[in-house]
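# Descriptive analysis of the structure
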Amino acid sequence: MENNWKNKNFFIALKNALNGIKYVFVNEKNLKIQLLIGIIVVLFGLLLKISLIEWGIVVTIIFMVFFSEIVNTAIENVVDMITIEYSEKAKIAKDISAGGVTLVAITSVIIGLIIFLPKILKIVL
């Protein structure tokens, strides 16, 4: 039996992946907020002239936040597809997924403080 969900080639797979990213950016308010924060962080990085290694860390953590929100959205959609009625297990799955995003977001704030706070304090003090 042939799997009709399987992508036929790389370009179709890429198109489908980009459609998935577009869906989340258009439909998820949290990702729009995270994108705005990411842009602000990039502007701070340019303003404070962070190092190449710091840029690598900042860009990685920004995309990790995006990735975790995308995975969270996928999990929430699968849960919603499986059941429309309230289910304690469905709630737990959604809460765990949202918790993962929260952990990545907290980590990004900590990393941001480690990178930016010394530079800001150097200017202010």
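Structure: see above.
Residues numbered from 1 in each chain as written. Predicted model: local features only at pLDDT ≥ 70, side-chain atom pairs only at ≥ 80, totals over all residues. Heavy atoms only, no water.

## Side note on the layout of surface pockets
Leftover empty space is mapped by rolling, across the atoms, a probe with the size of a water molecule. If you add up the space inside the largest pocket, you get close to 500 Å³. Surrounding the largest pocket, 20 residues form its lining, Ile37, Val41, Ser108, Val109 and Gly112 being those nearest its centre. If you tally residues by element for the lining of the largest pocket, the top one is helix 4 (residues 88-124), at ten residues. The residue inventory of the lining of the largest pocket, partitioned by class, reads 16 nonpolar, four polar and no charged. (1 Å grid on protein atoms, 1.4 Å probe; cavity = no way out; pocket = protein on both sides within 12 Å on 5 of 7 lines; lining within 4 Å. Points joined across faces, edges and corners; volume = space filled by probe spheres on them. Helix = DSSP H or I, 4+ residues; strand = E, 2+ residues; numbered from the N terminus. Nonpolar A, V, L, I, M, F, W, Y, C, P; charged D, E, K, R; others polar.)

## Notes on helix 4
Taking 1.5 Å per residue as the helical rise, helix 4 with its 37 residues ought to reach 54 Å, and the 50 Å between its terminal C-alpha atoms agrees with that figure. At Phe116, helix 4 shows its maximal bend, which comes to roughly 40°, and the proline Pro118 appears one to four places after that position. Taken together, the buried positions of helix 4 are Ala90, Ser97, Val101, Val104, Ser108, Gly112, Ile115 and Phe116. Contact partners of the buried residues in helix 4: helix 2 (29-48) and helix 3 (52-82). For helix 4, the capping residue at the N-terminal end is Ser87, with a side-chain oxygen 3.3 Å from the backbone nitrogen of Lys89. (Expected span 1.5 Å × (residues − 1). Bend = angle between axes of the 7 residues up to and from the residue. Buried < 20%, exposed > 50% of the residue type's maximum accessible area, 1.4 Å probe, protein only. Contact = heavy atoms within 4.5 Å. Polar contact = N/O pair within 3.5 Å; in protein donor to acceptor, adjacent residues only side chain to side chain.)

## Considerations on the pattern of salt bridges
For the coordinates displayed, the defined rule picks out three salt bridges. Two residues, Lys119 and Glu54, come together in a salt bridge whose shortest N-O distance is 3.2 Å. Note that Lys119 is positioned in helix 4 and Glu54 in helix 3, a separation of 65 residues in sequence. Its relative accessible area of 23% is what places Lys119 among the partly exposed residues. Two residues, Lys94 and Asp80, come together in a salt bridge whose shortest N-O distance is 2.5 Å. Of this pair, Lys94 sits in helix 4 while Asp80 sits in helix 3, and the two are 14 residues apart along the sequence. On the basis of relative accessible area, Lys94 is assigned to the partly exposed category, the value being 24%. When its relative accessible area of 39% is taken as the criterion, Asp80 is described as partly exposed. (Salt bridge = Lys/Arg side-chain N within 4 Å of Asp/Glu carboxyl O.)

Take it as geometry only, folks, not as evidence of what the structure does.
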